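# Understanding the architecture of this molecule
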Amino acid sequence: VRFPEAGCSDERKMGRFSERTRSACVTARQKIKHPGPICAIRSCAQQRTVIATQTHAQEVFLWNMSQSIKRTKVDYQSPNIPDLTLTGHEKSPGDTYYALEFSPVAPYLISGGSDNAICLWSLKDCATRLGIPLEKNPKRARVEASDDDMGSSSTLHCKQRFLGVRSFVEDLAFHPKHSETFASSHRDGSLLFWDARATNKKPQHRIKGLHSGAVRSVSWNVHDTNLLLTGGADKLLRTVDLRSLGDPCRGFGSPRDSDHRPSEKNKSRDSSSRGSHEGGEGNPSMGSKRKKPGSAEDEQKPERVSGEQRAVISTYAGHTGPVVKAEWNPFHASSFASSSTDGQVCLWDTKRSSTGISEILTAGGLRKKGLDDGFPPELLMRHIGHRGFVTSFRWNPLDPWMLVTLSDDSVATKRDGGTMQMWRPLRMLTIDPDEAKRDLTALLRQMLS
């Protein structure tokens, strides 16, 4: 993909753009025919040529794109054979699996779906088969799966299978710094936290009633690991602070991580709220000795439960349909994006509580002062370029404000297929509000002179 530089788009090319034809800036470098519809696709952070795909069946496919056979229009009859088939999920009615995620710090992959279970695979167990060097010394690479677990030559069974899930797994998110910790969102409105080191393979903490409907998406903030972002079927977006749940280090990461140490204010609040958890057990003392995850005491430790009133610190309403996906900006700690069935993609900035789109438009003379146009103060912009509901999106890891968004246009256009768009917001919306006001005022004076 050839991206134009910010603010340097060619007006002649923009004028000839047609959504019915492929953009001249996009060139297909490699094609494979997938065995079935692709419901989710993720790339491995440690080896970008390795991708995982998920269908409506219980298997997950692994592909090494550097070794996959390139297909042409002539040989599209039979699908490509994946380099590895990952098993572990059980067959369930409908066989719908959508949750899929790679760890950003280790070659781990997790998947969830309608069988109310979460499966974890380690790519270290199949690095030789995929033809990828995941260890500095491949000869000493540790293979933790036995021959029985390997199955056939193209199958790898899950390394761990997590139970205790009471509802459909909608989305998964790894901790940005700890490969053993992850969160899962569910159709019953709950958010669960897991530790792969725990021997009971059950959730270590559960937040009930986070949304009135399904929690469709969950995202962990890379810059502040205390914060998580969720989007729900109730059209709302919410941020969760782990420090409000008591001791976030116990079972959720290393106690040496400074990002996880609650403030003195939170310490006193947590100590005064003991006894509010399930089974009559309160939070562990902040000064008590930590038990090693996976110990005998950890096996008998009851699951901790919190209500949404204690966990949620902010709620954002800007969509007219259920939220499908929400994700933090990897470059900015306070900004995130969200997509919905209403066909819109919204960009947000939590720090712009007093200066948003409304104030910028008012300063530029494009909006009457005091007019309520329905813009929340934290909303930067709404992208309404899709015809159908936006099924997914991703931030560009190399460009702070560029996104790729995908939509299902089958209902709106009365034909199969969808649209992929790559775009970035106007620069004035992403810079400092005072600077944006000055630039906009200068532009308007230039246009009127």
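Residues numbered from 1 in each chain as written. Predicted model: local features only at pLDDT ≥ 70, side-chain atom pairs only at ≥ 80, totals over all residues. Heavy atoms only, no water.

Attention now moves to the sheet that holds strand E5 (residues 99–102). Pairing is antiparallel in the open sheet, where 4 strands are placed in the order E5-E6-E7-E9. The sheet is open, and its two borders are formed by E5 and strand E9 (160–162), each paired with just one other strand. Between one strand axis and the next, the sheet turns through 15° on average, direction left out of account. Sheet analysis places strand E6 (residues 108–112) next to strand E7 (residues 118–122), joined by 5 bridges and oriented antiparallel. When the bridges of E7 are listed, Tyr 108 appears paired with Ser 122. (Pairing = 2+ DSSP bridges. Helix = DSSP H or I, 4+ residues; strand = E, 2+ residues; numbered from the N terminus. Axes fitted to C-alpha atoms, helices over the stretch in contact; angles between N-to-C directions.)

Time to look at the state of the cysteines. Think of a disulfide as a covalent bridge from one cysteine sulfur atom to another cysteine sulfur atom. Per the stated rule, a full pass over the model turns up 0 disulfides. No disulfide involves Cys 44; its nearest neighbouring cysteine sulfur is the one of Cys 126, lying 9.6 Å away. On the basis of relative accessibility, which here comes to 0%, the residue Cys 44 falls in the buried class. Of all cysteine sulfurs in the structure, the one in Cys 119 sits closest to Cys 158, which takes part in no disulfide; the separation is 4.2 Å. (Disulfide = S-S within 2.5 Å. Buried < 20%, exposed > 50% of the residue type's maximum accessible area, 1.4 Å probe, protein only.)

Centre-to-centre distance and the angle between the planes together describe a pair of aromatic rings. Under the defined criterion, the tally for this structure stands at 11 aromatic pairs. When the centroid spacing of 5.9 Å and the interplanar angle of 10° are considered together, the rings of Phe 336 and Trp 348 count as stacked. Taken together, the residues Phe 336 in strand E20 (residues 335–340) and Trp 348 in strand E21 (residues 345–349) connect sequence positions 12 residues apart. Grouping residues by exposure puts Phe 336 and Trp 348 together as buried. Through successive ring pairs, a cluster of aromatic residues spans Phe 162, Phe 174, Phe 182 and Trp 194. In this structure, Arg 187 is placed above the aromatic ring of Phe 168, and the distance from its NZ or CZ to the ring centre is 4.0 Å. In this structure, Lys 325 is placed above the aromatic ring of Phe 393, and the distance from its NZ or CZ to the ring centre is 5.9 Å. (Phe/Tyr/Trp six-rings, centres within 6.5 Å; stacked < 30°, edge-to-face > 60°. Lys NZ or Arg CZ within 6 Å of the ring centre and 35° of its normal.)

Here Ser 190 lies in the loop between strand E11 (181–186) and strand E12 (191–195). By relative accessible area, which is 3% here, Ser 190 ends up buried. Side chain to side chain, Ser 190 and Asp 188 meet in a polar contact 2.6 Å long. Once residues within four sequence positions are removed from consideration, Ser 190 is found in contact with Ser 184, Ser 185, Arg 206, Ile 207, Lys 208 and Val 215. (Polar contact = N/O pair within 3.5 Å; in protein donor to acceptor, adjacent residues only side chain to side chain. Contact = heavy atoms within 4.5 Å.)

If you trace the 5 strands from one edge of the open sheet to the other, you get E1-E2-E3-E4-E8, paired in mixed fashion. Edge positions in the sheet fall to strand E1 (40–43) and strand E8 (155–157), since each has one partner strand and no second. Averaged over neighbouring strand pairs, the angle between their axes works out to 25° when direction is ignored. Where E1 lies against strand E2 (residues 50–54), 4 bridges are found, and the strand directions are antiparallel. Paired with Ala 40 across the strands is Gln 54, a residue of E2.

Looking now at the nonpolar core. By size, the foremost hydrophobic cluster in this structure holds 18 residues, and its most contacted members are Leu 62, Leu 86, Leu 109, Trp 121 and Leu 123. Only E2, strand E3 (60–64), strand E4 (84–87), E5 and E7 provide two or more residues apiece to this core. Counting residues in hydrophobic clusters, the runner-up holds 15 residues, among them Ala 106, Tyr 108, Leu 172 and Phe 182. (Core = buried A, V, L, I, M, F, W, Y, C linked by side-chain atoms within 4.5 Å.)

Further remarks concern the confidence of the model for the protein chain. Considering every residue of the protein chain, the mean pLDDT works out to 75; 67% of them sit at 70 or more. Low confidence marks residues 253–300, where pLDDT is under 50. Its contacts with residues over four positions away, or in another chain, come to 86 contacts. (pLDDT = per-residue confidence, 0-100.)

Once the charged atoms of two side chains with opposite charge are near each other, the side chains can pair. Enumeration over the complete set of coordinates arrives at 12 salt bridges. Here Lys 325 makes a salt bridge to Glu 327, at a shortest N to O gap of 3.4 Å. Owing to a relative accessible area of 8%, Lys 325 belongs among the buried residues under this scheme. Overlapping salt bridges, with partners in common, bring together Arg 42, Glu 101, Lys 325, Glu 327 and Arg 394 in one network. (Salt bridge = Lys/Arg side-chain N within 4 Å of Asp/Glu carboxyl O.)

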